[in-house]
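In case you want the letters, here they are:
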Amino acid sequence: MNMEQLQKQARDPAFQKLAGEMLRARSVHDRQEKVERFRHLNRFVRKGEVLFAGSSLMEQFPISEFATDFDLPCKIYNRGVGGFTTRDLLDAMGPCIYDLEPRAIFLNIGTNDLNDPDCTIDTLMERYASILQGIRDHLPRAKVTLLAYYPVNPHRSSQPYVQHMLRYRTNDRISQANAAVEALARRFGAAYLDLNAPLRDENGCLKAEYTLEGIHMYADGYRALLPALLPALREA
């Protein structure tokens, strides 16, 4: 099959549907495998430390490297899982949160829910509330911090699947969701931390130099927000 035929096949709706189904199936398998690995890894953690949990935006946070660089007085475990929605985290609360018995939890979960045009902010917050209620029930002494969702840059990628996601995960919708997350934090007595100021360009988008494809960040982006996060980590 030559390049012209491949390009024609890629434009075929039936092929796109099949490719999407295969990609989703692979993604589900990868998430399940990560959770199972965490289940085994958690046998060796030190209880009562600090935990990062959420989706890929948390999974890709190079916090272990930064913790060493800044000599933070705590051990930080990362149980973020790429592709996770609030539903996924609810199904994996044990290996991703409870099993570690952390004293402090930093959460960034829900942006993948926003990829779904049928998921309202209210629905997202209902599921987020279930996560927080679970933490309250199982780990009543844990200090919980909810991180604001990061901005996106819809002009950074030409990949069709990313452009499709960003039709719904807009900065306006993220702003609305962040207001709801802040209200949710107050409801549950959690802290709310907005680290976005150094990430935004003059138009309110995620700075192009910080992002791979408009959604996920290079280490530079995480390094830019770190000064605002460090006080909370030192107090955790």
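Above this text sits the structure in question.
Residues numbered from 1 in each chain as written. Predicted model: local features only at pLDDT ≥ 70, side-chain atom pairs only at ≥ 80, totals over all residues. Heavy atoms only, no water.

## Describing the pattern of salt bridges
Stated precisely, the cut-off is as follows: Every case where a carboxyl oxygen of Asp or Glu lies within 4 Å of a side-chain nitrogen of Lys or Arg is listed as a salt bridge. A run of H or I in DSSP becomes a helix once it reaches four residues, and a run of E becomes a strand once it reaches two; helices and strands are each numbered from the N terminus. Remark: exposure states derive from per-residue accessible area (1.4 Å probe, protein chains only) relative to the maximum for the residue type, with buried under 20%, exposed over 50%, and partly exposed in between.
Using the criterion set out here, one finds six salt bridges in the structure. Glu36 is the salt-bridge partner of Arg39, the closest N and O atoms lying 3.2 Å from each other. Of this pair, Arg39 and Glu36 both sit in helix α2 (residues 13–41), three residues apart, roughly one helical turn. The exposure class assigned to Arg39 is partly exposed, which follows from its relative accessible area of 40%. The residue Glu49 makes a salt bridge to Arg103 at a minimum N-O spacing of 3.4 Å. In this pair, Glu49 sits in the loop between α2 and β1 (50–54) while Arg103 sits in the loop between α6 (93–96) and β3 (104–108), placing the two residues 54 residues apart along the sequence. Taking relative accessible area as the criterion, Glu49 reaches 11% and is therefore assigned buried. A network of salt bridges, in which partner residues are shared, links Arg46, Glu49 and Arg103.

## Section: the sheet that holds β3
Short version of the rule: In short, DSSP must find at least two bridges between two strands for them to pair. Axis angles are defined between N-to-C directions and span 0 to 180 degrees, where every axis is a line fitted to C-alpha atoms and, for a helix, only to the segment in contact. Contacts between residues were defined by any pair of non-hydrogen atoms, one from each residue, lying within 4.5 Å.
Strand order in this open sheet of five strands is β2-β1-β3-β4-β5, and the pairing throughout is parallel. Each of the sheet's edge strands pairs with one partner strand only, and the pair in question is β2 (76–80) and β5 (191–193). Averaged over all adjacent pairs, the angle separating strand axes in this sheet is 20°, with direction ignored. Note that β1 and β2 share five bridges and pair parallel. In the sheet register, Val50 faces β2, and the bridge partner there is Ile76. Running at roughly 170° to β3, helix α7 (residues 121–138) makes contact with β3 and β4 (143–147) of the sheet. Sitting on the sheet, helix α9 (residues 171–188) touches β4 and β5, and the angle it makes with β5 is about 155°.

## Describing the nonpolar core
Using the following cut-off: In these notes, a set of buried Ala, Val, Leu, Ile, Met, Phe, Trp, Tyr and Cys residues joined through side-chain atoms within 4.5 Å is what counts as a nonpolar core.
Membership of the largest hydrophobic core comes to 46 residues, with the highest contact counts inside it found for Ile97, Leu107 and Tyr128. Counting only elements with at least two residues in this core, the list comes to α2, β1, α6, β3, α7, β4, α8 (160–166) and α9. It is α7 that contributes the most residues to this core, eight residues altogether. Among the nonpolar cores identified, the runner-up in size contains 28 residues, and Cys74, Ala104, Leu199 and Leu206 belong to it.

## Some words on unusual backbone geometry
Located in the positive-phi region is Asp71, a residue other than glycine, with phi close to 50°. Its place among the elements puts Asp71 in the loop between α4 (63–69) and β2.

## Some words on the pairing of β1
Note on strand geometry: in a regular strand, side chains alternate between the two faces of the sheet. Burial within β1 is extensive, with five of its five residues counted as buried. Two elements, β1 and β3, share five bridges in a ladder whose sense is parallel. Bridge pairing links Val50 to Ala104 in β3.

## Overview of the environment of Leu146
Structurally, the position occupied by Leu146 is in strand β4. Through-space distance from the C-alpha of Leu146 to that of Ala190 is 7.0 Å; in sequence the pair is 44 residues apart. The contact partners of Leu146, leaving out residues within four places of it in the chain, are Leu107, Tyr128, Leu132, Val181, Ala185, Ala190, Ala191, Tyr192 and Leu193.

## Digging into the side chain of Glu213
Which entries qualify depends on this criterion: This count recognises Lys and Arg as positive and Asp and Glu as negative, with His and chain-terminal groups excluded. As used in this structure description, the phrase polar contact means that two N or O atoms lie within 3.5 Å; if the pair is within protein, one of them must be able to donate a hydrogen and the other to accept it, and residues adjacent in sequence are counted only when both atoms belong to side chains.
Mapping Glu213 onto the fold places it in the loop between β5 and α10 (219–235). Buried Glu213, no salt bridge; nearest opposite-charge side chain is Arg169, N-O distance 7.7 Å. Polar contacts involving the side chain of Glu213 include one to the side chain of His216, which spans 2.6 Å. Sequence-distant contacts of Glu213, that is, excluding residues within four places in its chain, are made with Arg156, Ser157, Gln159 and Val162.

## A few points about α7
Note the threshold: A helix is expected to reach a length of 1.5 Å times the quantity of its residues less one.
With 18 residues, α7 extends 26 Å from end C-alpha to end C-alpha; this agrees with the ideal 26 Å at 1.5 Å per step. Those residues of α7 that sit buried are Ile121, Leu124, Met125, Arg127, Tyr128, Ala129, Ile131, Leu132, Gly134 and Ile135. The inward-facing, buried residues of α7 abut α5 (86–91), α6, β3, β4 and α9.

From the geometry alone we can't say anything about function, so treat these as descriptive.
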